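# Structural characterization, general
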2 protein chains.
Amino acid sequence: MGTLELQLESEPITKAQPSPVLFFETMNAYQRSAALKTAIELDLFTAIGETSGSLHELTEKTGCSERGLQALCDFLVILGFLTKYLDESGDRYGLTPDSAAFLHKKSPRYLGMAVNFMASPFLVDAFKDLTAVVRAGGPPSGHKINQELPVWLDFARGMGPIMFPVAEQTAKLLEGDAEAKILDVSACHGLFGIAVARVNPNAKIVALDFPNVLAVAKENAERFGVADRYSLLPGDALVIPLGTGYDAVLIPNLLHHWDRQTIAAFLRKVYAALKPGGRVIVVEFAPNDDRVSPPIPASFVMNMLVNTPGGKAYTLNENLAMLEEAGFTSCDSFQLPPTFETAIVGLK
Amino acid sequence: MGTLELQLESEPITKAQPSPVLFFETMNAYQRSAALKTAIELDLFTAIGETSGSLHELTEKTGCSERGLQALCDFLVILGFLTKYLDESGDRYGLTPDSAAFLHKKSPRYLGMAVNFMASPFLVDAFKDLTAVVRAGGPPSGHKINQELPVWLDFARGMGPIMFPVAEQTAKLLEGDAEAKILDVSACHGLFGIAVARVNPNAKIVALDFPNVLAVAKENAERFGVADRYSLLPGDALVIPLGTGYDAVLIPNLLHHWDRQTIAAFLRKVYAALKPGGRVIVVEFAPNDDRVSPPIPASFVMNMLVNTPGGKAYTLNENLAMLEEAGFTSCDSFQLPPTFETAIVGLK
C-alpha cells in the first residue's frame, strides 16, 4: 500500500458565496454580554487602567486565575473593549478611549453600575422564552413591569450615569432664569428635573414616581444642591392628580411602556396640568419611520415586547402625532447627541 | 410668570468624544442570540422565503401575533438577517443571501438545527456565572463536558450541516484512489471520515467515538453510501487502543478540549497507530499568535474556558509545535475556506 499523497493543488473554493459569519456571531452573542458583565463585576477595566496591564499584574489585582483572565481579556480585545500589546515581557492589555471613559471606575462618566439593571435576571431571563412572547404578542401575565418592582430601584441607582447626559441635553431646552414650575413625571433617579433645576435657578421641580424610587431622586437632589426647590409627588402617574399650573412637564422614558390608548389618556391629563403656553417635553428612544434605524433606538422595541403588554419604541412621527392628538401645537423634536434619545416637545 | 422659552440655539455638543454605543450593544447582545433562536424555532426565514413577506401573511403562516412578529422582524433587519421594503401595501420583509442560504429550511445548506447545540441550556447557562469561572480558571466541578453527555447527541445531529463544508475541505487533502486505512477520532456525526470515503473509493474508515454518537455516524455513513467501508470503534479515545497501520488519522475538533499534557500523550498514541509515511490531520479553530484574530476562531477560547478544565483555542503555531513534539515531521497547515477552521498536518 503506497503512502497517501496530500492533494493540495485542488481548486481553491474562494468564489464569493454566502457566509455563516453573522449566524455564528449572533448565536454566540450572549457570550459578549456575559463577558462584559464579568469584566465589570471583576472591575477589570479599572485594574488595567491602574497597572501596566500585564496578565501577571492583573491576576494579582483581581485575584483571578491567569487562564480565566487571559481568555476574558483576549475576548474583550476581539469585542473592541481593550487593546493588546505584545512586547518582550509578554502580553499587555490597555483601555480603549471608550473603556477609559465609561468603564474605569474612577472616570466621572463610569457606567458600570448599569449592569445591575441591564443584566438583571428580571430582564435577561425574560428573553429565555422569546418564542412564546412572539407567539402571544407580549409577556406572560406573571411577568409584569410595574414601577413598584425592585428592578426599578436597580434602574434608578444603576442607570443614572447613562441618563445623566440625556438629562443634561434635555435641560438645555429650558435653560434660563424665568420662574418656572416643572413636573418631572416618572422621575426615578430624578436627573431630568434636577438638570432643569441646575440650569434655571428659579425652577421649582415636582418629582412624581413611586415612593421607593423617589427616595433615590431625593438623594440626587440633595447631592446636586437643589433639594430646596425639589418636592415629591409619590404615586402612579396614571392614577393620582398631577396638580396644575405647570410651565413644563417632563416625561422621560415613560410613554414607551404603554399602548397608544393609555398614552392618549395620559397626555390629555398632562395637557390639563399645564398652564397655557406651557410645554410638554417627552424624551424617548424614537426610531425613524422605517422602525429599523438608528439601530439602538430601533432595537429598544425588543425590550418593550418582552417586558410590557402594549409598549413599543414609537417612531418620532408617532410621538409627534400623539402630542398633536392630545391638543399640543408647535410640536417639534430635538436630537440629544451624544445620547441615543430624542426630545419631542409640544406647546399648550 | 412668563412663558418658558425653549433654548435651542445653545452650542451643539458634537465634538468627537467617547461613545457608549459599544457598551450598550454588548450589554444587550444576549437579545440577538434570543431573537435568532426564536426566528429559527418559528421557522420565520422559511415563511418569509415562501410568502410575499408581508406581516399579514407571516402572522398567518407562523400563527404568531402581529405585535411580536413586527418587533422580531424589525430587529432581525437591524441585525442584518432580513431586508425590509416599504410599499403602499405596508412593510414587507425579505431574506438576505446569507439567510436564504443558511436559514431557509429548504436550502441544502440549512444550519437551523445548530440551535439545538449552540443555544442548548447546557452551554448557554454555563456563561451565567462567568465571573466565578474566570476567578477559578475553569468551570465548577459539576459542569463537565464529556462525550457521553446528551449534548453531544445534539452536537452530532445539529452541527453536521456546519461541519459538512469543513469535512469536505479537509477531505480534499486525501483525495485519490490509493488504498487507505483511515482512523476518524472523535467521529461524532462522522462527516470527516465519510468525506474522505467519498473522495477516495478505496479508503476504509474506522470511526472512533462513544457509542451514543457513533449511532449518528453510522446513519450518516449509510446516507452517503459508504457504510460498506465504514467500521465503528466505540470508546474513549484516551483509553482504548486505537489499532495500528493507519495511513491517516483524522482528529477534528477534539484537541481544544484538553490541556497540553493530555494532548501530548494522545498525539504520541496517534503516532504509534500510524504506519510510517502516514499522516495526522488535526482540524481546529486555530487563531493567530496574537490570540485575538481571526475573531471567530479566537473567540472560541471562551467556550473552552467555560466548558473544560484545561482546554483552549490553541494557536496555529501551538498546534504545529504539539505535532512536532509528538514526533511528526513536515508539519504544515491549510486554511479551509469558507469555514473558520484550519487543518494542521504532520507526517510520521
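Presented here is an overview of the structure given in this document. All figures in this text were calculated on a predicted structure; none of them were measured in a lab.

Rotating chain A by 180° and moving it 0.0 Å along the rotation axis overlays it on chain B with an RMSD of 0.0 Å. This pairing of chains is accounted for by a two-fold axis. When C-alpha positions in chain A are compared against the rotation axis, the closest is assigned to Tyr30(A), at 1.9 Å. Of all interface residues in chain A, 100% are interface residues in chain B too; the two copies therefore contact each other through one and the same surface.

Right, let's talk about the packing of aromatic side chains for a bit. Across all of its chains, the model carries 16 aromatic pairs over all chains by this definition. Pairing Tyr30(A) with Phe127(B) gives two aromatic rings, centres 5.4 Å apart and planes at 90°, and the pair type is edge-to-face. Within this pair, whereas Tyr30(A) is found in helix H2 (residues 30-41), its partner Phe127(B) is found in the loop between helix H8 (121-124) and helix H9 (130-136), the two belonging to separate chains. Judged by its relative accessible area of 4%, Phe127(B) is buried.

Below, the discussion takes up the sheet that holds strand E8 (residues 329-335) of chain A. All names here are of chain A. With respect to topology, seven strands assemble into an open sheet ordered E5-E4-E3-E6-E7-E9-E8, the strand pairing being mixed. Two strands lie at the open edges of the sheet, namely strand E5 (230-234) and E8, each paired on one side alone. Each strand axis lies, on average, 20° off the axis of its neighbour in the sheet, ignoring direction. Pairing of strand E4 (residues 203-209) with E5, which is carried by five bridges, proceeds in the parallel orientation. Bridge pairing in E5 links isoleucine 205 to tyrosine 230. Those strands touched by helix H12 (residues 191-199) are strand E3 (180-185), E4, E5, strand E6 (246-252) and strand E7 (274-284), and its axis lies near 175° from that of E4. Each of E3, E6 and E7 is contacted by helix H14 (residues 260-273), which is oriented at about 140° to E7, the strand it contacts most.

So, on to the sheet that holds strand E9 (residues 342-347) of chain B. Residue and element names in this part refer to chain B. As summarised here, the arrangement of the seven strands in space is E5-E4-E3-E6-E7-E9-E8, forming an open sheet in which the pairing is mixed. The open sheet terminates on both sides in strands that have one partner only, identified here as strand E5 (230-234) and strand E8 (329-335). Taking each pair of neighbouring strands and ignoring which way they run, the sheet shows an average axis angle of 20°. When strand E3 (residues 180-185) meets strand E4 (residues 203-209), the two strands line up parallel, connected through six bridges. Its bridge partner lying in E4, leucine 183 is registered against valine 206.

Let us look at the interface of chain A and chain B. At the interface, 117 residues of chain A touch 119 residues of chain B. Buried surface at the junction of chain A and chain B, both sides included, amounts to about 10,200 Å², of which 66% is carbon and sulfur. Seen at the junction of chain A and chain B, the total is six salt bridges. As a salt-bridge pair, Asp125(B) and Lys128(A) come within 3.6 Å of each other at their nearest N and O atoms. Seen at the junction of chain A and chain B, the total is 40 residue pairs in polar contact (both at pLDDT 80 or more). Looking at the side of chain A that touches chain B residue by residue, the class counts come to 66 nonpolar, 27 polar and 24 charged.

Residue and element names in this part refer to chain A. Taken N-terminus to C-terminus, the directions of H14 and helix H16 (residues 316-325) make an angle of 45°; their axes are 9 Å apart at the nearest point. Taken together, the axes of H14 and H16 are oblique relative to one another. Two packed elements cross with a definite hand, and for H14 against H16 that hand is right-handed. Contact residues: H14 offers Arg260, Ile263 and Leu267, while H16 offers Glu318, Ala321, Met322, Leu323 and Glu325. Classifying every residue of the contact of H14 with H16 gives five nonpolar, no polar and three charged.

Time to look at the environment of Val345(A). Residues and elements named next belong to chain A. Examined against the element boundaries, valine 345 turns out to sit in strand E9 (residues 342-347). We classify valine 345 as buried; its relative accessible area is 1%. In the structure, valine 345 is positioned eleven residues away from phenylalanine 334 in sequence and 8.1 Å away in space, judged by C-alpha atoms.

What follows covers the environment of Leu250(A). All names here are of chain A. When you line up the elements, leucine 250 lands in strand E6. Here the alpha-carbon distance between leucine 250 and serine 186, two residues 64 residues apart in the chain, equals 8.6 Å. Other than its neighbours up to four places away in sequence, leucine 250 contacts Leu174, Ile182, Leu183, Asp184, Val185, Phe192, Gly193, Val196 and Ile281.

All names here are of chain B. With five of its six residues buried, E3 lies for the most part within the structure. Regarding topology, helix H12 (residues 191-199) serves as the crossover connection from E3 to the parallel E4, and that connection is right-handed. Pairing geometry for E3 and strand E6 (residues 246-252), over three bridges, is parallel. Within the sheet, the bridge partner assigned to leucine 183 lies in E6 and is valine 249.

This part is about helix H5 (residues 66-79) of chain B. One turn of the α-helix equals 3.6 residues, which is why residues spaced by three or four share an orientation. Residues and elements named next belong to chain B. The end-to-end C-alpha distance of H5, which contains 14 residues, comes to 20 Å, matching closely the 20 Å that a straight helix rising 1.5 Å per residue would cover. Among the residues of H5, those classed as buried are Gly68, Leu69, Gln70, Ala71, Leu72, Cys73, Asp74, Phe75, Leu76, Val77 and Leu79. Capping of H5 at its N-terminal end is provided by serine 65; its side-chain oxygen lies 2.9 Å from the backbone amide nitrogen of glycine 68. Downstream of H5 by one or two residues, glycine 80 has phi in the positive range, about 100°.

Turning next to unusual backbone geometry. Excluding glycine, residues mostly have negative phi values, and the peptide bonds linking residues are mostly trans. Along the chain, Pro337(A) connects to Pro338(A) via a cis peptide bond; the corresponding omega equals 5°. Secondary-structure assignment places Pro338(A) in the loop between E8 and E9. The step from Ser293(B) to Pro294(B) runs through a cis peptide bond, and the omega angle for that step is -15°. For Pro294(B), the position within the fold is in the loop between strand E7 (274-284) and helix H15 (295-307). With phi around 60°, Ser186(B) is a residue other than glycine that occupies positive phi space. Looking at the element boundaries, Ser186(B) is found in the loop between E3 and H12. Of note, Cys188(B) is a non-glycine position whose phi angle comes to about 60°, a positive value. Residue position: Cys188(B) is located in the loop between E3 and H12. Taking relative accessible area as the criterion, Cys188(B) reaches 7% and is therefore assigned buried.

About the criteria used
Once a new chain begins, its residue numbering starts again from 1 and follows that chain's sequence as written. In the order they appear in the text, chains get letters beginning with A and ligands get numbers beginning with 1. Where local features are concerned, this predicted model is filtered to residues with pLDDT of at least 70; where side-chain atom pairs are given and counted, the filter is 80 or more; whole-chain, interface and lining totals use all residues. The basis for every side-chain value is the complete set of heavy atoms in the structure, and neither hydrogens nor water enter the calculation. When the copies are overlaid, the least-squares fit takes in C-alpha atoms only where the residue has pLDDT of at least 70 in both copies. Any pair of residues with heavy atoms lying within 4.5 Å of one another is described as a contacting pair. Only centres within 6.5 Å qualify two rings of Phe, Tyr or Trp (six-membered ring in Trp) as a pair; their planes then separate them into stacked at under 30 degrees, edge-to-face at over 60, and tilted for everything else. Strands are runs of DSSP state E lasting at least two residues, helices are runs of H or I lasting at least four, and both sets are numbered from the N terminus onward. Throughout, exposure labels follow a simple rule: accessible area from a 1.4 Å probe, protein chains only, divided by the maximum for the residue type, with under 20% read as buried, over 50% as exposed, and the rest as partly exposed. Two strands qualify as a pair provided DSSP detects at least 2 bridges between them. Axis lines are fitted through C-alpha atoms, for helices just across the contact stretch, and the angle between N-to-C directions can take any value from 0 to 180 degrees. Accessible area, probed at 1.4 Å, shrinks when two parts are joined; the buried area is that loss added up over both. What counts as a salt bridge is simple: a side-chain nitrogen of Lys or Arg found within 4 Å of a carboxyl oxygen of Asp or Glu. Any pair of nitrogen or oxygen atoms within 3.5 Å is treated as a polar contact; in protein, a donor-acceptor pairing is required on top of that, and neighbouring residues in sequence qualify only through side-chain atoms on both sides. Ten residues, namely Ala, Val, Leu, Ile, Met, Phe, Trp, Tyr, Cys and Pro, are considered nonpolar, four, namely Asp, Glu, Lys and Arg, are considered charged, and the remaining ones, Gly among them, are considered polar. Relative orientations are named as follows: roughly parallel for angles under 35 degrees, roughly antiparallel for angles over 145 degrees, roughly perpendicular for angles from 65 to 115 degrees, and oblique for any other angle. Throughout, a crossing is termed right-handed when the near helix is turned clockwise from the far one, and left-handed when it is turned anticlockwise from it by less than a right angle. A crossover counts as right-handed when, viewed with the strands pointing away from the observer, the path leading from the first strand over the helix to the second turns clockwise. A helix is expected to reach a length of 1.5 Å times the quantity of its residues less one.

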